[in-house]
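A look at the structure
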Amino acid sequence: MIIKIEWHDKSFNVNLHSTEDADAFLSIKGCRIVSSSKGEFVSFPASKNEKTGKWWNHVYASAAFGKTVLGLAQQPQSKPAPKTVDDAFDENIPF
C-alpha cells in the first residue's frame, strides 16, 4: 500500500494506492496536524453534535497509521508552496 499526502492550505488529504501509479482506492479528506501537550498528531475528519457538544469521528485509524501519516505530512516536499497574489487572482477569473 502506498500512502500519499495532498495538501490544501491548512488541511490535507490522505490517499491510499495499491501501487505507485494506480489511482487512489481510498481518500480521507480534511485531515489536519494538531499540536497538544503530548505532541503533534493527525486529526482525522470529525463533526460536532451541536446539542451535546460531543465530537464524532468519521475515520478511526490505528496509532501506527496515524504516526505514519504524520511523518509523511511533515515532510517538506508534501506541503504546497504559499500562494502569491498573482496565483490567487488567476484562480478567481470567471471564465
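Residues numbered from 1 in each chain as written. Predicted model: local features only at pLDDT ≥ 70, side-chain atom pairs only at ≥ 80, totals over all residues. Heavy atoms only, no water.

Before going further, it helps to spend a moment on the overall build of the protein. If you tally the helices and strands in the protein, you get two helices and six strands. In the protein, the order of α-helices and β-strands from amino to carboxyl end is β-β-β-β-β-β-α-α. Looking at the protein as a whole, 22% of its 95 residues are labelled buried. Partitioning the contacts of the protein with sequence separation of at least 6, the portion at a separation of at least 24 is 26%. Accessible surface computed for the protein: about 7300 Å², of which carbon and sulfur atoms make up 55%. (Helix = DSSP H or I, 4+ residues; strand = E, 2+ residues; numbered from the N terminus. Buried < 20%, exposed > 50% of the residue type's maximum accessible area, 1.4 Å probe, protein only. Contact = heavy atoms within 4.5 Å. Areas by Shrake-Rupley, 256 points an atom, 1.4 Å probe, with all protein chains shown as cover.)

We now examine helix H1 (residues 63-73). Those residues of H1 that sit buried are Phe65, Gly66, Val69, Leu70 and Ala73. Buried residues of H1, seen end-on, are gathered within an arc of 135° and therefore sit on one face of the element. In H1, the exposed positions that point more than 90 degrees away from the buried face belong to Ala63, Ala64 and Lys67. Its buried side turned inward, H1 meets strand S1 (2-8), strand S2 (11-17), strand S3 (24-36) and strand S4 (39-43). (Arc of directions from axis to C-beta.)

Let us now look at the environment of Asn13. In this structure, Asn13 sits in strand S2. A residue is classified by how much of its surface remains accessible, and Asn13, at 9% relative accessible area, is buried. The spacing of Asn13 and Cys31 is 18 residues in sequence and 6.0 Å in space, taken between C-alpha atoms. Ignoring any residue separated from it by four or fewer positions in sequence, one finds Asn13 in contact with Lys4, Ile5, Glu6, His8, Ile28, Lys29 and Gly30. Here His8 takes part through its side chain, which lies 3.3 Å from a polar atom of the side chain of Asn13. (Polar contact = N/O pair within 3.5 Å; in protein donor to acceptor, adjacent residues only side chain to side chain.)

Burial runs high along S2: six of the seven residues are buried. Here S1 pairs with S2 via seven bridges, running antiparallel. Counted as the bridge partner of Lys4 is Asn15 from S2. Taking the residues between adjacent antiparallel strands as the criterion, S1 and S2 are bridged by two residues, where Asp9 takes a positive phi near 60°. The turn joining S2 and S3, which pair antiparallel and follow one another in sequence, is formed by six residues. (Pairing = 2+ DSSP bridges.)

Strand order in the open sheet made by the four strands is S1-S2-S3-S4, with antiparallel pairing throughout. One side of each edge strand has no neighbouring strand; the edge strands of this open sheet are S1 and S4. Neighbour-to-neighbour, the strand axes of the sheet open up by a mean angle of 30°, direction not taken into account. The strands touched by H1 within the sheet are S1, S2, S3 and S4, with S1 carrying the most contacts at an inclination of about 55°. (Axes fitted to C-alpha atoms, helices over the stretch in contact; angles between N-to-C directions.)

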